[in-house]
Structures are given as structure tokens and as C-alpha cells.
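Residue strings, one per chain:
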Amino acid sequence: MLIELASHNDDIRRLLEKGYALRIDTLHLVVRDIPYLDHEGALQTGSIVSKLVPVDQNRYVQHDHQVFFAGSAPYGLDGCPVANLSGGEMTIPLSHDDVTVQRSFSNKPPNGFPDFFDKIEHYVAMISGPAFERYPQATPLTFRVDPDILPDSVFKVHDSLTSRAEIADLASVFKDDVIAIIGLGGTGSYVLDFMAKTRVKEIRGFDGDKFYPHNAFRSPGVLDLGDWGKSKAATAEKRYANFRYGLSMKPTYIDASSSSELEGVTFAFVCVDKGSARAAIFDLLIALAIPFIDVGMGLNRKQGPLAGTLRATYFGAEKAGEVRAMNLAETVDDPDNVYRENIQIAELNALNASLAVMRYKQLRGFYVDDNSAYHLLMDTTTLRVMSERDA
């Protein structure tokens, strides 16, 4: 209910996006994680509760200027109760037992409160002000998501980016997708980074290799020195586990015998740099009728500085065999592959992943698609993208 409420009530949306830990409970707006000082000057946290008055089925206004508080009486730095918070002890019924109202507060500015945002900010300043001075690290802006408000969300934090941009309808086009990312190296790790922030139902990653220093130079995220020698899959899962649900990273390679690993997958990204492995993966995905995008790059030093192309090739379920027959992707092992042996360049990995993910999002209707491209090539010399498309 909270997300729906925020989409129709700008003041509640502003509170949510600023980082307040909001909840809707029996026609009350509950703001948790409010720091305050108790009678001994110790730091405590409580909750501000304010009544919601419906205007129609989507919009709500304040009942009055008062609020309720779940917590003991807040004190100032002088050891006295915070001044000008009139009210008294009282309780109101709420459905969540982690918030128990103990008192009410009343402090009305001369012109009242124009909306919930100003009202909550006003009371937070009064209740939490002394705590902020004594404990600079104290904050009510915890961005803590109540699991009850987002029962169907794949994210563990509120997707304020989507709500701010007002593209929730477009973001939802991915909600039924189960994505496989085969290969979690340079480009694959960036595909994972982009897809982790997309509302797909599930992401399965596969890579049997270990994580070494050269991998850190061409993958996103914070470096943990304890990851050296661990599987790329374990490193990848740890990196995004606190961001979203539906992650499954396995330290295994995908080959002709991996049908069970791909059961239920609706789209795949192939991010491997070995031709023979790519050939086996292609055969399996085509046999399972799973549409996929294969990525790759070819670089050389013929001019001194590096030059080459980035590639993203789409194999639709119905025409995958035809595209495979065009030999657009390397399916044999090349011992002279400069990229695989020597080059570690994060910006090219990120660009290659961007081409692939943008093409996938075009296919799902998130971006306008006016060229039906099945093969994209980006020249690193001219920075131009060329495409081959269906007639």
C-alpha cells in the first residue's frame, strides 16, 4: 500500500525518497527509526505515528497537527524533557507489535503544516535534535524497507529511481524474466551489475573460474581482498546479496549437459571468451529455445594503441539457427586472442555489457526499438555503432 500511496501523494513520496523508514498501518503513517535521548541521555530510537485521512481512494491528508510517539519521553541535552511537546500518555491500536504508541505530542507552528513532509520534518527536528548534537552519527534516514510494503519486490531497498523517473510501468516489463548470465568475467560482471538493478524475477550466474587480481581490474564493485582465489560466482553473489532477492550464482561451467541449470530461464547472456565453450553453449540454448545475446570483442595493437570492435549478437528463439549459421561469433578456439591473453580494460567490458543489456531492454519494450538489430558492432576507433537487422 505504501508504494501505491507514494505514487499519488507527493508529500509521502518525498519522505520515502529522503530515506525515512515508512510504514502504513491501519490508516496511520508510521515513521520508524527516530533517534532521541532518554532521561539518562542515552541514545534510543522510536517511531512517529500520524493519522491518515482519505480524500479519495488514492489521496490522503492529515487529521490534525498532532502526532503519536512510540517510545519514552525524549530529553534535551540539559537533562530535561524536550520543551514545547505538549500531549500526554496514550495508546492506539496498531497491527505491528514492534511499534507500540505510548504518548502523543502537539506542537503547532503559526501556519500549521501544509503536508505530511513538513509535519514529520518538524517533529523529527524537535524530538531528534538533541540526539543529533550528542551523537552525530544518529539519523532517521535509514532507508529501511518494511518487507510488508513491498511483498513482490525483488529489491531489498526502495526503488526510488523508478518512482522519481515515473517509469514504474516500463520497469515492470521485466518482472517475469528469469535471466541466465553465462560467464562472470569482465563483460559478464557488468551485465550482472546492470541486471541486478533491473526488476527481473531471478538472475542465475554461472562461472567455474576463480577470482584473481586481474579480474578486479575489469569488474564493478568494491574490492574485498578476502575474495582472492574464491570462485567468481561466490564473489558476485556476495556483492549483490544485500541489494536484491532472486540471485543464484553457481561456480560451474555451462556445457551440453547443463539443461537442468537452465530450466525456466527466459533469456540468457553469453559472456565467454573461448570459442569451443561458446559453441557448446549456443547448441544448448538453441535446443532449449532460449533467446540469448552473445557478447565479444576483438582488439589489436597494429597501430600501437589498441583498436578493435565490441560485439553484441542477438539469437532469437525462432531464428537462432539462422543467425548461428552466419558465423558472427567465434566458435573455435583462437590461441592468438589478444583480449583473452593480455588485455584488461573495464570501460570496454562495460560498453560491451551496455550494448547487450540495452538490446535486451529494447526487446522487452523498455526502450524504443526501430531497427530490429540482431548484430551490433561498435568500432573503438570511431565510436560508431553499426548494426545488421532483419529485412
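Conventions used here
Residue positions are counted from 1 within each chain, in the order its sequence is given. Totals for whole chains, interfaces and linings use every residue, but because this is a predicted model, local features are given only for residues with pLDDT of at least 70 and side-chain atom pairs only at 80 or more, for both listing and counting. By convention in this description, side-chain values take in all heavy atoms of the structure and omit both hydrogens and water. We call a residue buried when its accessible area falls under 20% of the maximum for its residue type, exposed when it is over 50%, and partly exposed in between, using a 1.4 Å probe and counting protein chains only. A run of H or I in DSSP counts as a helix once it spans at least four residues, and a run of E counts as a strand once it spans at least two, with each numbered from the N terminus. Pairing between two strands is assigned when DSSP locates at least 2 bridges connecting them. What we call a nonpolar core is a set of buried Ala, Val, Leu, Ile, Met, Phe, Trp, Tyr and Cys residues that are connected through their side-chain atoms within 4.5 Å. Note on contacts: a residue pair qualifies if any of its non-hydrogen atoms lie within 4.5 Å across the two residues. Patch building starts from residues that exceed 30% relative accessible area and form no salt bridge, then joins like charges within 9 Å and nonpolar side chains (Val, Leu, Ile, Met, Phe, Trp, Tyr) within 5 Å. All accessibility values rest on the Shrake-Rupley procedure with a 1.4 Å probe; residue burial counts only the protein chains present in the view. Salt bridges are defined by distance alone: a side-chain nitrogen of Lys or Arg within 4 Å of a carboxyl oxygen of Asp or Glu. UniProt positions are given in the numbering used here, feature names are shortened, and annotations may be inferred rather than shown by experiment. Every axis in this analysis is a line fitted to C-alpha atoms, fitted for helices over the stretch in contact. Angles between the N-to-C directions lie between 0 and 180 degrees.

Per an unreviewed UniProt entry, the protein goes by ThiF domain-containing protein and derives from Mesorhizobium escarrei.

### A few points about the pairing of strand 2 (residues 28–37)
For strand 2, the tally of buried residues reaches 10 of 10 residues, placing the bulk of the element in the interior. The antiparallel hairpin formed by strand 1 (residues 21–24) and strand 2 contains 3 residues in its connecting segment, where T26 sits at a positive phi of about 45 degrees. Counted between consecutive antiparallel strands, the loop separating strand 2 from strand 3 (residues 43–54) contains 5 residues, among which G41 sits at a positive phi close to 80 degrees.

### A few points about the nonpolar core
Judged by nonpolar contacts, the single largest core of 40 residues is most densely connected at I181, L192, M195, F269, I293 and Y360. When residues in this core are grouped by element, the largest group, 8 residues, is from helix 12 (residues 346–364). Residue contacts for M195: discarding those within four places in its chain leaves I179, V200, I203, R244, F269, V357 and Y360. Among the nonpolar cores identified, the runner-up in size contains 29 residues, and I12, Y20, L29 and L85 belong to it.

### Quick look at a nonpolar patch on the surface
A cluster of nonpolar side chains, contributed by L223, L225 and W228, occupies part of the molecular surface with about 300 Å² of accessible area. Take L225: it is sitting in the loop between helix 7 (213–216) and helix 8 (232–240).

### Points about the UniProt feature "domain: THIF-type NAD/FAD binding fold" (unreviewed entry) in the protein
Within the UniProt annotation, "domain: THIF-type NAD/FAD binding fold" (unreviewed entry) is assigned to residues 178–297. For residues 178–297, the end-to-end C-alpha separation is 26 Å, with 31% helix and 20% strand making up the annotated structure.

### Some remarks on the sheet that holds strand 12 (residues 307–315)
Strand pairing within a sheet occurs via backbone hydrogen bonds; the two strands may be parallel or antiparallel. Ordered by their spatial adjacency, 8 strands build an open sheet running 9-8-7-10-11-12-13-14, and the pairing between neighbours is mixed. Here the strands that pair on one side only, and so sit at the sheet edges, are strand 9 (247–250) and strand 14 (385–389). Averaged over all pairs of adjacent strands, the angle between their axes in this sheet comes to 15 degrees, without regard to strand direction. Where strand 8 (residues 202–206) meets strand 9, 4 bridges bridge the pair, whose relative direction is parallel. Residue pairing across strands places F206 opposite K250, the latter belonging to strand 9. Helix-sheet contacts for helix 6 (residues 186–196) involve strand 7 (178–182), strand 8, strand 9, strand 10 (267–270) and strand 11 (292–300), and the interaxial angle to strand 7 is about 160 degrees.

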